[in-house]
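# Structure at a glance
What follows is each chain in one-letter form.
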Amino acid sequence: MQMVAGGGWYTRVWIPDPDEVWRSAELTKDYKEGDKSLQLRLEDETVQEYPIDVQNNQLPFLRNPDILVGENDLTALSYLHEPAVLHNLKVRFLESNHIYTYCGIVLVAINPYDQLPIYGQDVIYAYSGQNMGDMDPHIFAVAEEAYKQMARDEKNQSIIVSGESGAGKTVSAKYAMRYFTTVSGSASDTNIEEKVLASSPIMEAIGNAKTTRNDNSSRFGKYIQIGFDKRYRIIGANMRTYLLEKSRVVFQADDERNYHIFYQLCAAASLPEFKELALTCAEDFFYTSQGGNTVIEGVDDAEDFEKTRQAFTLVGVRESHQISIFKIIASILHLGNVEIEAERDGESCRVSPEDEHLSDFCRLLGVEHSQMEHWLCHRKLVTTSETYVKTMSLQQVVNARDALAKHIYAQLFHWIVEHVNKALHTSLKQHSFIGVLDIYGFETFEVNSFEQFCINYANEKLQQQFNSHVFKLEQEEYMKEQIPWTLIDFYDNQPCIDLIEAKLGILDLLDEECKVPRGTDQNWTQKLYDRHSGSQHFQKPRMSNKAFIVIHFADKVEYLSDGFLEKNRDTVYEEQINILKASKFPLVADLFHDGKDSAPATTASSKINIRPSRRPMKASNKEHKKTVGYQFRSSLHLLMETLNATTPHYVRCIKPNDEKLPFHFNSKRAVQQLRACGVLETIRISAAGYPSRWSYHDFFNRYRVLVKKRDLANADKKAICRSVLESLIKDPDKFQFGRTKIFFRAGQVAYLEKLRADKFRAATIMIQKTVRGWLQKQKYRRLKGAALTLQRHCRGHLARRLAKHLRRTRAAVVLQKQFRMQRARRAYQRVCRAAIVIQAFARGMFVRRIYHQVLREHKATVIQKHARGWMARRRFQRLRGAAIVIQCGFRRLKAKQALKALRIEARSAEHLKRLNVGMENKIVQLQRKIDDQNKEVKTLSEQLSAITSAHAMEVEKLKKEVACYQQSQDEDRGPQLQEEVESLRTELQRAHSERKVLEDTHMQEKDELRKRVADLEQENALLKDEKEQLNNQILCQSKDEFAQNSVKENLMMKKELEEERSRYQNLVKEYSRLEQRYDNLRDEMTILKQTPGHRRNPSNQSSLESDSNYPSISTSEVGDTEDTLQQVEEIGLEKAAMDMTVFLKLQKRVRELEQERKKLQVQLEKREQQDGKGVPAEQPSNDSDLDQDADLAYNSLKRQELESENKKLKNELNELRKAVADQASEHSPATAGTPDSYSLLLNQLRVANEELEVRKEEVLILRTQIVSADQRRLAGKGSEPNINARTSWPNSEKHVDQEDAIEAYHGVCQTNSKTEDWGYLNEDGELGLAYQGLKQVARLLEAQLQAQSREHEEEVDNLKAQLEALKEEMDRQQQTFCQTLLLSPEAQVEFGIQQEMSQLTNENLDLKELVEKLEKNERKLKKQLKIYMKKVQDLEAAQALAQSERKRHELNRQVTVQRKEKDFQGMLEYHKEDEALLIRNLVTELKPQTLAGAVPCLPAYILYMCIRHADYVNDDLKVHALLTSTINGIKKVLKKHNEDFEMTSFWLSNTCRLLHCLKQYSGDEGFMTQNTAKQNEHCLKNFDLTEYRQVLSDLSIQIYQQLIKIAEGLLQPMIVSAMLENESIQGLSGMKPTGYRKRTSSMPEGDNSYCLEAIIRQMNSFHMVMCDQGLDPEIILQVFRQLFYMINAVTLNNLLLRKDVCSWSTGMQLRYNISQLEEWLRGRNLHQSGAVETMEPLIQAAQLLQLKKKSPEDAEAICSLCTALSTQQIVKILNLYTPLNEFEERVTVAFIRTIQAQLQDQNDPQQLLLDFKHMFPVLFPFNPSSLTMDSIHIPACLNLEFLNEV
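Here the structure is a predicted model, which is why all the values come from computation and not from measurement.

All right, on to the overall build of the chain then. Broken down by element type, the chain carries 52 helices and 26 strands. Per-residue burial for the chain yields a buried fraction of 42% across its 1846 residues. Intrachain contacts of the chain at a sequence separation of at least 6 include 74% that bridge at least 24 residues. Working note: accessible area of the chain is about 104,000 Å², and carbon and sulfur atoms make up 53% of it.

Here it is, written out as structure tokens:
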């Protein structure tokens, strides 16, 4: 170690101290060679003379400079020795509350005995991917190093966690495993990572106990192997345990406890499922009460037991097995309470048969009570010839009972471990593993036994492995840097290990003594004395023959030999084990079978345990089982082989005090553990070589002030460093130049720091001298100027005072004159005013008397006038009311008579009869014409006329009967309805009278209230003046407060909106993640199941095709329910949920709309059926065969007419039959002749139908002959080669109104038959129109009849509904009236007002609903009108086209017509089979570079034009298929290019543009405000794609999130290096010594440093790509806001976790870098994005690093400035603050406490780090395009030739 060679006034040293181990002192006198003592001054200012060993030149240790104190790595200290290590750990632990410190490759962890917020998910993600040493020391950093080396070096890793009991080993191992499970995740859906974590509470419950040093001490060692696959995801785990402390089951020392599971089970004994365990509190059992206190402060055993049960369930232990486990544990407790009574002879004993605990023990284990009772007190001796049963003494029985309890617990422990391993086992192939070794540290107590001996033996082996690994790493580091060095002798503890495990060593002699029949502990101890007395690691105690001493690497330990043989044998009597083997419970029997040892393969593979039917032969006594020592030695060798085959990482846990006080440091205890855990050995090995290491770059930056100016001109930094060191350090052995680093001996860095400080001190003195001189000159000049100013002001003051005196004298004279004059004038004016007042009062009195008399007379006149007028009006109103009543009655009578006459007239068939007469005349005329040509046609015509007249008469008779029937029904029901209405009116009048009474009482109370209000108004008038005065004062303040409140409300609303949007987009993100997860799993299953014979799926089939299950395209008619729900979504769910009345109204409205929808559906179906009936079937034409054509025409006409008329007549007949049958059934008692008339009527109907059918056939034959004759005539002429033979009436297929049909029918009746031309006979389609007119008239009458019946039924229903509503209203008013009468008068008034308000509210809501319904109906009708207008335009165009075609056919000569070219309408047509090709060329295989220079978002425009054409042709399937294929194709592309920023940005812009197009051209007025007239023509006409807009919006959110993820992945590796490490301002900072930071084993190859320009270049690239691809500017702003937040979060998190960057110079660098980023934002016009606001925490952190941190005023300034930082973050930065120079001062603990006190009321989140993965909710504002669809050109490079422009 480096000692003092010379000293100075500033030299400080360490001297030994009996209390504090080491104490700091300062030299007061220079040391000279040969001095026998040193003059020292201690920290308490006391002077001490320290003697020196002159012979050995043993000088005290030098102390490191203050700038190096508190380093993260102990190897960064310049002087490496024990006091420096202890002081550094103490300063970090007490002042900065840092519990982790590096010591080379070792992580030293000090138990804080407190909960620290440094283990959250955010901290795990902060350490993930970081190099060891880049962040502050942490257990996560060690875990990340192991994980990274496993992935990089393809080698297994181990983390060795050691330390004494209570140091925190188990917690450290638990956190390491949690890190692996969080970072790596699981390779399957078995939740293996949760099972790994769940194993911890199980093992803690059954293997941990309270000791005097630790409340949760692990009493066993365990090594957990966590397996990983090739992708380094967890696939399984395995656990190995070592040396369970079984003796704790039966014995606990004072203030200790048994294993936790016993106390947890006792705490849960009251549960119903544990009643059969017969447990009570833990104090009642011997095995749990020996330590005294059974409760641990702050621990709830019942709650921990519930966690243990949950963990058992999670690892797959069935409920039945859990109950069996708890039974076995409870049986152990009962076994300890079995009372054993000694017999009188003392050689035997017995157990009472009535012992309840023994009964419970046997019952819980399922064994025979008598056998267990017998073999507890007896043992069997087997010889070669005989077998003896021998009694045992009381002590032997107790020992046997305790041995049985220990054995049962040990077997149960191993069974649980085995089951946990089965749960953690995996069938997948393990690629690599990381082992976590949680093993006991070196232990020494007052009494040390066999367990401590095994523990210390294991630590000897681990220390040997640790020493060799540290030495090897040092050697590798020097060899890599090509530095020559001599081999260092390090402590090798192989002799101590040989003493224990070699042949005839301690363990070997122990096993040999165990084999001796009469072997004793004393004999074994004597053998040790004889054998190893000459060993340097073995000693014999002076005062004892039962103990021995082993000198371990850490300390000398004295072991008491009593019990060694018994614990090594671990003897349990075989008879007791056989009883347990015969248990009726399978689990208990399986625990004690030997099949596990003899045939482990069978046990592992088979799930069925087979037990022999008879007992096997007893094993020979010569066969001995393996001893505990032998088993432990074997397992330890296996462990060492595993560790040697892996790369180890070391965590040494230190216990700071024995009292378990939080953040209390005991130096003595800490030094003991540092010596025992090997930390000081690491320091010694490092100090023997070159412990301080600097890279050339860091060395140059730190010590460039020592470089001469001429050397700085050299560009080679290595050459500069060489020249500087050679000039400063003369001894070449003190440093070495490596390949990338400079290596220094111990103390050389401190020497360089001294030279650097001297240089800075000299420069500081020069600066101070110059500044002070300048300040004095400025002070003198200020004083001189002040003196001149004072003189000038004094002289001016004297002159002004004289002038003031003269002015005051003159003013006094003037004032006296004026005052006297005013006094005389006021006296005269008083007398004058008094006279005038007297005169005025007298005159006023006389005038008022006259006025009052005139006023009284006028009032009397007015009263008489009003009274007479009221009486006259009252009489007139009575007379007018009587006249009105009489008029109403008379008019109602006349109205009823008129209504009855109108109804009879409406039901008459006179009009139909006139039509029929006209039809008969027409048919007669037709028959006369036909008789001249053909007699048969004439006969048919006569029959037709006869049938028609008969049918008309029958129809008229039936309709008259129906009318009479309906009239009778109306007359019968009328009086009843009138009676009901009258009763309702009486009830309503009664309610009105009651209401009038209530109103009278209300008016009386109202008068009283008015009086009280008048009194209050008087008081209020007095307060108004004060209020007005206060209002004027508050007015200004209220304006500011109102503005502030409005701003706050806006911010709150924005925040709520952002939170809602964030939740929704998180759901979208989670959906996309699950979707991706599903795709990955399906791909893996495909790969696993795929065989060479399988066929692959087509490439265009995507796993995302499930999205095609979206609802089909809705029509333009939008339901009220959807609008209501949309309004609810717009105003927010929270606000909507507050108004329950509105909610109930909406619910009611939904039900009404559902009923209305069903009615409309039924009407629509009926309308479709009617339309289907009315459409005539097309007749095929054939020009070649006229006869066949005539037959076809006849058949088609016949089929058409028969189908339509038959259906109609059948319906009419059925309705008439039903009506007549009902009438007959009602009047059957009254009339007897009705059945005959009814049957007669049916016969007449049947005959009429038959005649009608015959007539129809005749008419059809006639029409067919007319058609045939016309065709022959046309064919004979031959002028037109192609004639449409479908029909001869060109207008017969047109839709004809009722009035047109009737007029045409009359026209046919008046037509002359003067020509033989059949075409002239049917000119303008008169015959067809007449026939259709006849049908229309019949249908009209039928419709009127049905409409009247429906109106009657609806009127009756409405009256019934009104009646019910009035009844309910009356009941409600009665209840309200009863309730009101019970209340006080004031409450009645208030209740009445509330009722009125609620009634008005309901009426208002009803009116609002009505208005909304009318508005929605208006919108629907407008949309339907647009659709119908479009259809009418299309129909007119088609008719015009058909008319032009007919005219062209009528031309006598051929004319060539040129086709006119039409303009492009902005629609693209494609065939259905080309859809896959369209998606492939436009989506899946499209590269963004292909469209360079084209219109941005061209694919979106093309897709919309295709959608528009599908909408134009009204093909909903085509629209649905195209949109679904497009969405799936985009998802497929994004999945394939999930790391391509350009591709993701390209499809984000196109998806948003397609979404904007669907909104812009949807036809909604809200989206069409900026459209041109041409763009409005391109709107969709038939479909409402609102649902697809939502799907595209969700897809845009997913693409945006993927874009952010890609950008963050590119930026995140640059942030820390560019923002914190790179020197943006050259020469501002100099790196401090960093120890092993960035050593070769922790860093990958290559330089990964970045500068700020790299980040700016990357963001320039992002911005250029997004702008070139036409992404909306609002989205670009949100992208950069998110990226700047990520930069802020990552930088601040690293700042909070790194001590080396928390300095003043880093704050300056940060502020400069942030200003550069702000300048970049302003240059790109992105400053409005809010990105700068997201950087506010980082800006304040940089300011905090630069602020002064001394006084309370500084604390107040920090608290007022750092509002964006939490208290935890501010305190953390202050704790981490590190001065880079000696001139800077550290932040004191008192200042940090002041900050905490001032910020204690601040409600901050508990999270220390920012969530850098947080994503702001994205908003896609509507951004319409100015382009029109017809102006877009499709480039040829897209290969879309199959698209046709429409």
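Strand order in the open sheet made by the three strands is 22-24-23, with antiparallel pairing throughout. The open sheet terminates on both sides in strands that have one partner only, identified here as strand 22 (692-695) and strand 23 (735-737). On average, each strand axis in the sheet is inclined to that of its neighbour by 20°, with strand direction left out of account. In terms of strand pairing, strand 23 meets strand 24 (residues 741-744) through three bridges, oriented antiparallel. Within the sheet, the bridge partner assigned to F737 lies in strand 24 and is I742. Of the strands in this sheet, strand 23 and strand 24 are in contact with helix 26 (residues 717-728), which crosses strand 23 at around 160°.

Taken together, the side chains of E1351, E1353, E1354, E1355 and D1357 make up a negatively charged region of the molecular surface. Structurally, D1357 can be placed in helix 37 (residues 1326-1381). According to the relative accessible area criterion, D1357 is partly exposed, its value standing at 46%.

Okay, the pattern of salt bridges next. By the definition in use, this model includes 38 salt bridges. R248 is the salt-bridge partner of E256, the closest N and O atoms lying 3.0 Å from each other. Assigned by exposure class, E256 and R248 land together as buried. With a closest N to O distance of 3.7 Å, R633 and D511 form a salt bridge. Linking R633 in helix 22 (residues 628-644) with D511 in helix 15 (residues 506-515), this pair joins segments that are 122 residues apart in sequence. Three or more residues are tied together by salt bridges with common partners; here these are E164, K655, D658 and R669.

A sheet is described by the order of its strands in space; here seven strands give the open sequence 6-7-21-8-17-11-12, paired in mixed fashion. Strands with a single pairing partner mark the edges of an open sheet, and in this sheet they are strand 6 (100-103) and strand 12 (234-242). In this sheet, adjacent strand axes meet at a mean angle of 20° when their direction is disregarded. Bridge count for strand 11 (residues 221-228) against strand 17 (residues 432-438) is seven bridges, and the pairing is antiparallel. Bridge assignment links Y223 to a residue of strand 17, and that residue is L437.

Turning to its location among the elements, E276 is positioned in the loop between helix 6 (260-267) and helix 7 (286-289). For E276, a relative accessible area of 36% translates into the label partly exposed. Remark: the alpha-carbon pair of E276 and L364, spanning 88 residues in sequence, is separated by 8.4 Å.

What follows concerns the packing of aromatic side chains. Overall, the coordinates contain 39 aromatic pairs when judged by the stated rule. Considering the side-chain rings of F453 and Y559, the 5.4 Å spacing of their centres and the 85° angle between planes classify their relative orientation as edge-to-face. On the criterion of sequence distance, the pair formed by F453 in helix 13 (residues 450-480) and Y559 in strand 20 (residues 556-560) is long-range, its members being 106 residues apart. Each member of the pair F453 and Y559 is classed as buried. When the centroid spacing of 4.6 Å and the interplanar angle of 80° are considered together, the rings of F466 and Y650 count as edge-to-face. Taken together, the positions of F466 in helix 13 and Y650 in strand 21 (residues 647-654) put the pair 184 residues apart, joining distant regions of the chain. Judged by relative accessible area, F466 falls into the buried class, the value being 1%. Over the face of the ring belonging to Y529 we find K540, whose NZ or CZ atom lies 5.1 Å from the ring centre.

The next thing to look at is unusual backbone geometry. At A278, a position not held by glycine, the phi torsion is positive, near 60°. Checked against the element boundaries, A278 lands in the loop between helix 6 and helix 7. Of the residues examined, A278 reaches a relative accessible area of 33% and is grouped as partly exposed. Even without a glycine there, the phi angle at N1725 is positive, about 60°. Within the element layout of this structure, N1725 appears in the loop between helix 47 (1704-1723) and helix 48 (1731-1734). Residue N1725 is classed as exposed on the basis of its relative accessible area of 53%.

This part covers a positive patch on the surface. A surface patch of like charges, here positive, comprises K480, K718, R722 and R739. With respect to the secondary-structure elements, R739 resides in the loop between strand 23 and strand 24. The class for R739 is partly exposed, based on a relative accessible area of 46%.

As a general rule, the predicted coordinates of low-pLDDT regions are not to be interpreted in detail. Here the chain averages 77 in pLDDT, and 77% of its residues register 70 or above. Between residues 1227-1238, whose pLDDT stays under 50, and residues either more than four places distant or in other chains, the model counts four contacts.

Side chains on a regular strand alternate between the two faces of the sheet. Burial of strand 24 is two-sided: the residues K741 and F743 facing one way and the residues I742 and F744 facing the other way are all buried. Taken together, the four bridges between strand 22 and strand 24 define a ladder with antiparallel strand orientation. Residue pairing for strand 24: W694 is matched across the bridge by I742. Hairpin connection between strand 23 and strand 24: a loop of three residues separates the two successive antiparallel strands.

Okay, the environment of V106 next. In this fold, V106 is placed in strand 7 (residues 106-110). In this structure V106 comes out as buried when scored by relative accessible area, which is 0%. Residues V106 and I160, spaced 54 residues apart in sequence, show a C-alpha to C-alpha distance of 9.8 Å.

Below, the discussion takes up a nonpolar patch on the surface. Where nonpolar side chains cluster on the molecular surface, the patch consists of I767, V771, W774 and L775 and spans about 410 Å² of accessible area. Looking at where I767 falls in the secondary structure, it is placed in helix 27 (residues 748-907). By relative accessible area, I767 is classed as exposed at 55%.

Side chains of strand 20 alternate between two faces, with V557 and Y559 buried and K556, E558 and L560 left unburied. Of the pairings in the sheet, the one linking strand 19 (residues 547-551) to strand 20 comprises five bridges and is antiparallel in character. Residue I551 lies in a different strand from strand 20, and its bridge partner there is K556. Counted along the chain from strand 19 to the antiparallel partner strand 20, the turn is four residues long.

Here H98 shows up in the loop between helix 1 (82-94) and strand 6. On the basis of relative accessible area, H98 is assigned to the buried category, the value being 8%. If near-sequence neighbours (up to four positions away) are discounted, H98 is found in contact with R92, F93, K1772, N1775 and L1776.

Moving on, we come to the packing of helix 42 (residues 1541-1560) against helix 44 (residues 1586-1621). Where helix 42 contacts helix 44, the axes come no closer than 9 Å and their chain directions differ by 160°. Considering the angle they form, helix 42 stands roughly antiparallel to helix 44. Read as a crossing pair, helix 42 and helix 44 show a hand that is left-handed. From helix 42, F1541, T1544, S1545, W1547, L1548, T1551, C1552, L1554, L1555, L1558 and K1559 reach across to helix 44, where they touch R1589, L1592, S1593, L1595, S1596, I1599, Y1600, Q1602, L1603, I1606 and A1607. Looking at the contact of helix 42 with helix 44 residue by residue, the classes come out as 14 nonpolar, six polar and two charged.

Attention shifts here to the nonpolar core. By size, the foremost hydrophobic cluster in this structure holds 327 residues, and its most contacted members are F180 and F548. Per element, the largest residue contribution to this core is 18 residues, and it comes from helix 44. When sequence neighbours within four positions are dropped, the list of residues in contact with F180 reads A143, Y147, I159, G185, I226, F228, I234, I434 and V436. Grouped together as the second largest cluster of nonpolar side chains are 19 residues, W694, F700, V707 and C721 included.

For the rest of this paragraph, the subject is the packing of helix 9 (residues 319-336) against helix 12 (residues 394-424). Two elements in contact, helix 9 and helix 12, have axes separated by 10 Å at closest approach and are oriented at 160°. Judged by the inter-axis angle, helix 9 sits roughly antiparallel to helix 12. Helix 12 is crossed by helix 9, and the crossing has left-handed handedness. Judged by residue contacts, H321, I325, I328, I329, I332, L335 and G336 of helix 9 engage R401, L404, A405, I408, Y409, L412, W415, I416 and H419 from helix 12.

Conventions we followed
Residues numbered from 1 in each chain as written. Predicted model: local features only at pLDDT ≥ 70, side-chain atom pairs only at ≥ 80, totals over all residues. Heavy atoms only, no water. Helix = DSSP H or I, 4+ residues; strand = E, 2+ residues; numbered from the N terminus. Buried < 20%, exposed > 50% of the residue type's maximum accessible area, 1.4 Å probe, protein only. Contact = heavy atoms within 4.5 Å. Areas by Shrake-Rupley, 256 points an atom, 1.4 Å probe, with all protein chains shown as cover. Pairing = 2+ DSSP bridges. Axes fitted to C-alpha atoms, helices over the stretch in contact; angles between N-to-C directions. Patch = residues over 30% accessible without salt bridge, like charges linked within 9 Å, V, L, I, M, F, W, Y side chains within 5 Å. Salt bridge = Lys/Arg side-chain N within 4 Å of Asp/Glu carboxyl O. Lys, Arg positive; Asp, Glu negative; His and termini not counted. Charge placed at Lys NZ, Arg CZ, Asp CG, Glu CD. Phe/Tyr/Trp six-rings, centres within 6.5 Å; stacked < 30°, edge-to-face > 60°. Lys NZ or Arg CZ within 6 Å of the ring centre and 35° of its normal. pLDDT = per-residue confidence, 0-100. Parallel < 35°, antiparallel > 145°, perpendicular 65-115°, else oblique. Left-handed = near helix turned anticlockwise from the far one by under 90°. Nonpolar A, V, L, I, M, F, W, Y, C, P; charged D, E, K, R; others polar. Core = buried A, V, L, I, M, F, W, Y, C linked by side-chain atoms within 4.5 Å.

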